[in-house]
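Descriptive structure summary
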Amino acid sequence: MHRLVRLGRWLKYKYMLLLRAEGGASIVAMGFAIGIAVEMFTLPTLGVAFVLIFPLCFLLRGNLPAAFIGFVIGKIIYIPMMYPNSKVGAWILPTHMSIHLPVVPEWLNRLLLANLKLIVGGMVDGAILGLLCYFPIKISLNLYKAKRRERRKLSRSRLEAKAVAE
């Protein structure tokens, strides 16, 4: 029981660190967007795309813990997103495209083509999802910080009024 309480406190502490991250809400929102975008095409690549989170967070100035949270959320929504990813990939790839490797059976060639559609569609859908998630997260974090600033200001003024009254 004690470990569960400690785990809960630790998670709350990490959540507060994320909300109060250095650099502001845009860095946290960018990290989340990177994580969710990368997850949309990491499953068909057998997890190799996961490695992209690190350089993308560095180049786009994203928060790495927020990227991991976005990655986990992306894992949760990936199954329902497979159908749109496949459809978008089919729209983008040429209709006459096929993969024919001479040493593998035909069913494996069809599976490779389906995975290619998932990868291409996942890149497009992931970029769109990242953009759609970036702005609401940035706005909500800025609102949280403004509310917190206002509460601290009010608390400080109460303490000053109490000190003057004494």
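Because the structure is a prediction, the values reported are computed rather than measured.

1. What about the overall build of the protein chain?
Regarding its fold elements, the protein chain presents five helices and zero strands. Across the protein chain, helices and strands are ordered from the amino to the carboxyl terminus as α-α-α-α-α. Projected onto its principal axes, the C-alpha positions of the protein chain cover 90 × 40 × 25 Å. A separation of at least 24 residues holds for 74% of the contacts in the protein chain among residues at least 6 apart in sequence. Looking at charge distribution, the protein chain has the averaged site of its 22 positive side-chain charges lying 5 Å from that of its 7 negative ones.

2. Observations regarding unusual backbone geometry
Trans is the prevailing form of peptide bonds, just as negative phi is the prevailing case for residues other than glycine. Its identity is not glycine, yet Arg 61 carries a phi of approximately 55°, on the positive side. Mapped onto the fold, Arg 61 is located in the loop between α3 (53–59) and α4 (64–92). Of the residues examined, Arg 61 reaches a relative accessible area of 59% and is grouped as exposed.

3. Description of a nonpolar patch on the surface
A surface patch of nonpolar side chains, about 650 Å² in accessible area, is lined by Leu 4, Leu 7, Trp 10, Leu 11, Tyr 13 and Leu 17. Take Trp 10: it is sitting in helix α1 (residues 2–19).

4. What to know about the packing of helix α2 (residues 25–39) against helix α5 (residues 106–165)
The N-to-C vectors of α2 and α5 enclose an angle of 155°; their axes lie 7 Å apart at closest approach. Relative to α5, the element α2 is oriented roughly antiparallel. As α2 runs across α5, the sense of the crossing is right-handed. Seen from α2, the contacting residues are Ala 25, Ser 26, Val 28, Ala 29, Met 30, Phe 32, Ala 33, Ile 36 and Ala 37; seen from α5, they are Gly 122, Gly 126, Ala 127, Leu 129, Gly 130, Cys 133, Tyr 134, Ile 137, Lys 138, Leu 141, Asn 142 and Lys 145. Within the contact of α2 with α5, the residues separate by chemical class into 14 nonpolar, five polar and two charged.

5. Observations concerning the pattern of salt bridges
For the coordinates displayed, the defined rule picks out one salt bridge. Lys 75 is the partner of Glu 39 in a salt bridge, and the nearest nitrogen-oxygen pair spans 3.2 Å. You can see Glu 39 sitting in helix α2 and its partner Lys 75 sitting in helix α4, a full 36 residues away along the chain.

6. Focus: the packing of aromatic side chains
Two numbers describe a pair of aromatic rings. These are the distance of the centres and the angle of the planes. Overall, the coordinates contain five aromatic pairs when judged by the stated rule. Judged by centre distance (5.9 Å) and plane angle (70°), the rings of Phe 54 and Phe 68 are edge-to-face. Of this pair, Phe 54 sits in helix α3 while Phe 68 sits in helix α4, and the two are 14 residues apart along the sequence. Looking at Phe 54, the relative accessible area reads 39%, which means it is partly exposed.

What counts and how
Residues numbered from 1 in each chain as written. Predicted model: local features only at pLDDT ≥ 70, side-chain atom pairs only at ≥ 80, totals over all residues. Heavy atoms only, no water. Helix = DSSP H or I, 4+ residues; strand = E, 2+ residues; numbered from the N terminus. Contact = heavy atoms within 4.5 Å. Lys, Arg positive; Asp, Glu negative; His and termini not counted. Charge placed at Lys NZ, Arg CZ, Asp CG, Glu CD. Buried < 20%, exposed > 50% of the residue type's maximum accessible area, 1.4 Å probe, protein only. Patch = residues over 30% accessible without salt bridge, like charges linked within 9 Å, V, L, I, M, F, W, Y side chains within 5 Å. Areas by Shrake-Rupley, 256 points an atom, 1.4 Å probe, with all protein chains shown as cover. Salt bridge = Lys/Arg side-chain N within 4 Å of Asp/Glu carboxyl O. Axes fitted to C-alpha atoms, helices over the stretch in contact; angles between N-to-C directions. Parallel < 35°, antiparallel > 145°, perpendicular 65-115°, else oblique. Left-handed = near helix turned anticlockwise from the far one by under 90°. Nonpolar A, V, L, I, M, F, W, Y, C, P; charged D, E, K, R; others polar. Phe/Tyr/Trp six-rings, centres within 6.5 Å; stacked < 30°, edge-to-face > 60°.

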